[in-house]
Structure formats: C-alpha cells, structure tokens
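As a plain string of letters, each chain reads:
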Amino acid sequence: MLQQIYDALPTILQPVAKHTYQSAWTVYESAYYTVYPGKQRPAALHSSFVDSCFDSTNEYQSYRDEFFNGPAKEYLEEARREYDRLGGDGQFGGTDLDTGAALYALVRKYQPETIVETGVCNGCSTLFLLLALHENQTGQLYSIDYPFYADESLAEFKSETFDGYGGAAIPSDRDPGWIIPDDLRTRWTLRLGKAQEELPRLLDELPPVEFFIHDSEHSAPCMMMEFELAWTHLAEGGWILSDDIDWNDAWRIFTQVREPHQVGQIEPSMGYLRTSLKQH
Ligand SMILES: C[S@@+](CC[C@H](N)C(=O)[O-])C[C@H]1O[C@@H](n2cnc3c(N)ncnc32)[C@H](O)[C@@H]1O
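This write-up is about the structure you can find in this document. What you see is a predicted model; the values in this text were computed from it and never measured.

Considerations on the overall build of the chain
- When you go through the chain residue by residue, the secondary structure sums to eleven helices and seven strands.
- Over its C-alpha trace the chain gives a radius of gyration of 19 Å, about what one expects of a compact globule, namely 19 Å for 280 residues.
- Counting only residues that meet the buried cut, the chain has 34% of its 280 residues in that class.
- The long-range fraction of contacts in the chain, counting pairs at least 24 apart against all pairs at least 6 apart in sequence, stands at 75%.

So this is what it looks like as structure tokens:
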C-alpha cells in the first residue's frame, strides 16, 4: 500500500517522501526500543547474522552489491506493475529485496546443490534463489505451493488451509512463480499441492538438502511438520530458514529442542539455523 502511494507521487516529491518516512521510522524505532530495552534491534540482529555466516562484512557486502547490481529489482518492479495492471483484490506479498539479498548471499557463499522451498506465490523468494543458483552455475531449486488466486474467496482458502492466512495471491490467469523469467527456469521444479502432502514425497525423492526454506502455511502444526521433516533430510552443514517465525512458537520450540549448531535471525521475522559448520 505504502509502495503504491509512493509510486503515485510525482518524481520530484519522491525523495522528500522517502526522507520523511525514514525519519519518522527512526523516531518510532528509537521510542520502541526505549520502551522494550530487552529486545535486539533489527540492525543488531542483521549484523550478528552477517558476522556468523560470512567471513567478513566486506564479503557479505560484495554479494549484496552483486545482487543489487543484478536484475532482481527490475524484475520485481516490472512484476508489480504487471500485477497492478491485472487487477484483482489480492496482495502481491512476497520477500522484500533486503531479505532477498541475504538469501542470495547465503546461496552464493555456500553453493548448495539442492534447495527446497515451500510457499512460492508470485515468486519473489524463488526469483532471488534462482538468480543465485544461476550465478553459481550449479544447483537445483524444488518448490512446493498450494496457490491462492486473486479471484478466489479468501474465507474459503482460509478454511482449506488455516485461519491466519495473510492473503498473498497470484493473478487468476497465472501460475505460482509467474514472475520467473524463462532463462532461470532450467534450475527450477515446481510441485503443486499442500506442503503437508507434497513435502514428505518430495524429500523422499531427493538427496540430502542443503537449504530448506519455509514460507507456506504459517500455522504452528504445519511449520513444525516442515521443520522436523527438513531436519531429518538435511545434509551435514545444512540450513533451515523460515519466514514469519514470530507468528507462533513453532520456530522457538523447534530450535530449543533440536539445538542446532548455529541459530539466529536475518531480520526479526526470518530465522535461520545451521546443523554444523561445513568446510569451505
Ligand atoms: C507468503 S506466500 C509465499 C511468498 C513467497 N515466498 C515470496 O517470497 O514471494 C505463501 C504461499 O504459500 C501458499 N500456501 C498456503 N498454504 C499452503 C500449504 N499448506 N502448502 C503449500 N503452500 C501453501 C500460499 O497460497 C502462497 O502462495
């Protein structure tokens, strides 16, 4: 919504709007962390992610620069324009560019051969992961999605999945991941169906998985089921990442019980864990 207001402003006003928004956000953030002094700021969480997962800030920054100098932003902007043109009541949703840069950097650094993702929707996270695999010139991404179309009833979709579904939707005449350009699709396999049914089947067919990313149904039972399944199919030194870890207690309980080698957050709602340090 904010993005749409920003896009509709005359170009000359956009820098002023951006500056005002950022200043207001800084004031709000400072007030928030004064009231809740025990909480770690997103920036602190993020630097601890960079320190733990990369050899140096410079190394992380070089992957981030590569990401922002690449086509991701342009693909996403074009996809959003197309989405608005197509109409419908749905929300575009999806992983933002900053989180996308972090996913991209992890895949570029650790060069996974097998990535499994649940929750594709329009395809933002899928795009970021495929761009990294394309640059690595190795690896395959397997995604699972049970799509929600913009012309469907949200109440009906919620009753089929879970009550808290946020409403991210794909245009009614498109497939999940429709924003992915053709030249990135050779490293991608999409399976349609609920993660509860498709994920056990898929993981049984694949070699151990180096990266698993949850972004499908954020109900506690589904998240817990996905984490546990992924854990048993994870390669040594493998990673589990999850969006929306703050929606329920599944991630907190899972990481406490399984005690992975490393656990942290890329940003407040995106968690990661790693089973053990891989030689690289
Ligand atoms: C938040 S969106 C994913 C956003 C995507 N990762 C991105 O960055 O653009 C969640 C997706 O999961 C799908 N979904 C919901 N419940 C599901 C389930 N039980 N199994 C598989 N997919 C599901 C939704 O239809 C939607 O496409």
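What to know about the packing of helix α9 (residues 195–205) against helix α10 (residues 220–232)
- Interhelical geometry of α9 versus α10 gives an angle of 0 degrees and a closest axis separation of 11 Å. Classified by the angle between their axes, α9 and α10 sit roughly parallel to one another. For the pair α9 and α10, contact is made by A195, Q196, L199, P200 and L203 and by C222, M225, E226 and L229, respectively.
- For the contact of α9 with α10, the residue count by class is seven nonpolar, one polar and one charged.

Regarding the pairing of strand β4 (residues 209–214)
- Here β4 lies mainly inside the structure; six of its six residues are buried.
- When strand β1 (residues 114–118) meets β4, the two strands line up parallel, connected through four bridges. Across the sheet, residue E117 finds its bridge partner in β4, namely I213.
- Note: β4 against strand β5 (residues 234–242), five bridges, orientation parallel. Counterpart to I213 in the pairing with β5 is L241.
- In this region the chain leaves β4, passes through α10 and returns to the parallel neighbour β5; the handedness of that crossover is right-handed.

Section: the sheet that holds β4
- Pairing within the open sheet is mixed, and its seven strands lie in the order β3-β2-β1-β4-β5-β7-β6. Where the open sheet ends on each side, the last strands, each with one partner, are β3 (188–192) and β6 (262–267). Strand-to-strand twist in this sheet, taken as the mean axis angle between neighbours without regard to direction, amounts to 15 degrees.
- The sheet contacts of α9 involve β1, β2 (140–145), β3 and β4, and relative to β2 the element is tilted by about 155 degrees.

Some points on the nonpolar core
- Grouped together as the largest cluster of nonpolar side chains are 55 residues, with contacts concentrated most on Y104, V107, F128, L129, L130, F212 and I240.
- Looking at this core, the element that brings in the most residues is helix α7 (residues 124–136), giving eight residues.
- Excluding its chain neighbours within four sequence positions, the residues that come into contact with L129 are L103, V107, I115, E117 and L141.
- With six residues, the next largest nonpolar core counts V120, F148, A150 and A169 among its residues.

The rules we used
- Residues numbered from 1 in each chain as written.
- Predicted model: local features only at pLDDT ≥ 70, side-chain atom pairs only at ≥ 80, totals over all residues.
- Helix = DSSP H or I, 4+ residues; strand = E, 2+ residues; numbered from the N terminus.
- Rg over C-alpha atoms; globule rule 2.2 N^0.38 Å.
- Buried ≥ 20, exposed ≤ 12 C-beta atoms within 10 Å, placed from the backbone.
- Contact = placed C-beta atoms within 7 Å.
- Axes fitted to C-alpha atoms, helices over the stretch in contact; angles between N-to-C directions.
- Parallel < 35°, antiparallel > 145°, perpendicular 65-115°, else oblique.
- Nonpolar A, V, L, I, M, F, W, Y, C, P; charged D, E, K, R; others polar.
- Pairing = 2+ DSSP bridges.
- Right-handed = clockwise from strand over helix to strand, strands pointing away.
- Core = buried A, V, L, I, M, F, W, Y, C linked by C-beta atoms within 7 Å.

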